[in-house]
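Per-entry structural report
The chain contents come next:
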Amino acid sequence: MEKGKGKFRILFAGNIGRFQGLESVIDAMHELKAFAHIELVFLGEGRALEGLKERAGDLLAGSVRFFPHQPLELARQMIATADLALVTLAEDIYRYAFPSKTMTYLAQGCPLLVSVEEESSLAKFVRGKDVGVVVTPGDSAGMARIIAELASSTADLKRMAINAARQADSEFSPAALMPKWSALAKEIGNSGGRP
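Quick look at the structure, then. (Residues numbered from 1 in each chain as written. Predicted model: local features only at pLDDT ≥ 70, side-chain atom pairs only at ≥ 80, totals over all residues. Heavy atoms only, no water.)

Now for the pattern of salt bridges. Taken as a whole and assessed by the stated rule, the structure comprises eleven salt bridges. Ionic pairing is found between Asp83 and Lys3, a salt bridge with its closest N-O pair at 3.0 Å. Here the residue Asp83 occupies a position in the loop between helix 3 (72-80) and strand 4 (84-88), and Lys3 occupies one in the segment before strand 1 (8-13), the gap between them amounting to 80 residues. Relative accessible area serves as the criterion here: at 19%, Asp83 is assigned to the buried category. Note on Lys3: relative accessible area 29%, which makes it partly exposed. (Salt bridge = Lys/Arg side-chain N within 4 Å of Asp/Glu carboxyl O. Helix = DSSP H or I, 4+ residues; strand = E, 2+ residues; numbered from the N terminus. Buried < 20%, exposed > 50% of the residue type's maximum accessible area, 1.4 Å probe, protein only.)

Here is the structure:
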């Protein structure tokens, strides 16, 4: 799906479930109604999908759009069109999950908008590597403010996009991961498979 000229696109790709805390993103978009150039695109399906569509209400006619899961290559192309990629977790879920979509977004050089607690390893990674911005889960007003600021600040986005691509290459590329996997396999082999 092509991005319209002058549009600022926020994209979420993946499971639209109850652990993502996506309601506050929809609420943030309601607060951004005056910013006609800002759009939110969802790629995926899940248990929370119909509830989010209902919550979006009149935004479905313009600034919020939903698409079903796409083949991986097409999804990557769509991620590459985004100005910000969403990684959201409901409160306390960070203790049990580190969303793999983070690496997919970074590989496309896409800055992150992360909704997760400050103490999480994900928030620390995003801030420490300067690959995006972090907002507290459920803080729709804070999210709206950050989106509005970034939509008018291309310098910050460009810097974070460059850092995102660098991190993907240095930490998550096959060349970076193979030595780590080899060391792990060797360690497991040396321990006889015991923890």
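Empty space within the largest pocket amounts to approximately 190 Å³. Along the walls of the largest pocket sit Ala13, Gly14, Leu43, His69, Gln70, Leu72, Ala75, Arg76, Ile79, Lys101, Thr104 and Tyr105, which together make up its complete lining. Those elements giving two or more residues to the lining of the largest pocket turn out to be helix 3 and helix 4 (101-107). For the lining of the largest pocket, a count of residues per class yields six nonpolar, four polar and two charged. (1 Å grid on protein atoms, 1.4 Å probe; cavity = no way out; pocket = protein on both sides within 12 Å on 5 of 7 lines; lining within 4 Å. Points joined across faces, edges and corners; volume = space filled by probe spheres on them. Nonpolar A, V, L, I, M, F, W, Y, C, P; charged D, E, K, R; others polar.)

Below, the discussion takes up the packing of aromatic side chains. Scanning the model with the defined rule gives two aromatic pairs in all. An aromatic cluster of at least three residues, connected via ring pairs, comprises Phe12, Phe42 and Phe66. (Phe/Tyr/Trp six-rings, centres within 6.5 Å; stacked < 30°, edge-to-face > 60°.)

Whenever strands of a sheet pair, they do so through backbone hydrogen bonds, lying parallel or antiparallel. Within the open sheet, the six strands sit side by side as 3-2-1-4-5-6. Their pairing is parallel. Looking at the sheet topology across the chains shown, the edges are occupied by strand 3 (64-67) and strand 6 (132-135). Between one strand and the next, the sheet's axes are offset by a mean angle of 20 degrees, whatever the strand orientation. Of the strand pairs in this sheet, strand 1 and strand 4 are connected by two bridges, and their pairing is parallel. Across the sheet, Ile10 pairs through a bridge with Leu84, a residue of strand 4. (Pairing = 2+ DSSP bridges. Axes fitted to C-alpha atoms, helices over the stretch in contact; angles between N-to-C directions.)

Burial within strand 1 is extensive, with six of its six residues counted as buried. Burial of strand 1 is two-sided: the residues Phe8, Ile10 and Phe12 facing one way and the residues Arg9, Leu11 and Ala13 facing the other way are all buried. Note that strand 1 and strand 2 (residues 38-43) share six bridges and pair parallel. Counterpart to Phe8 in the pairing with strand 2 is Ile38. Considered for its hand, the β-α-β crossover made up of strand 1, helix 1 (residues 23-31) and strand 2 is right-handed. (Right-handed = clockwise from strand over helix to strand, strands pointing away.)

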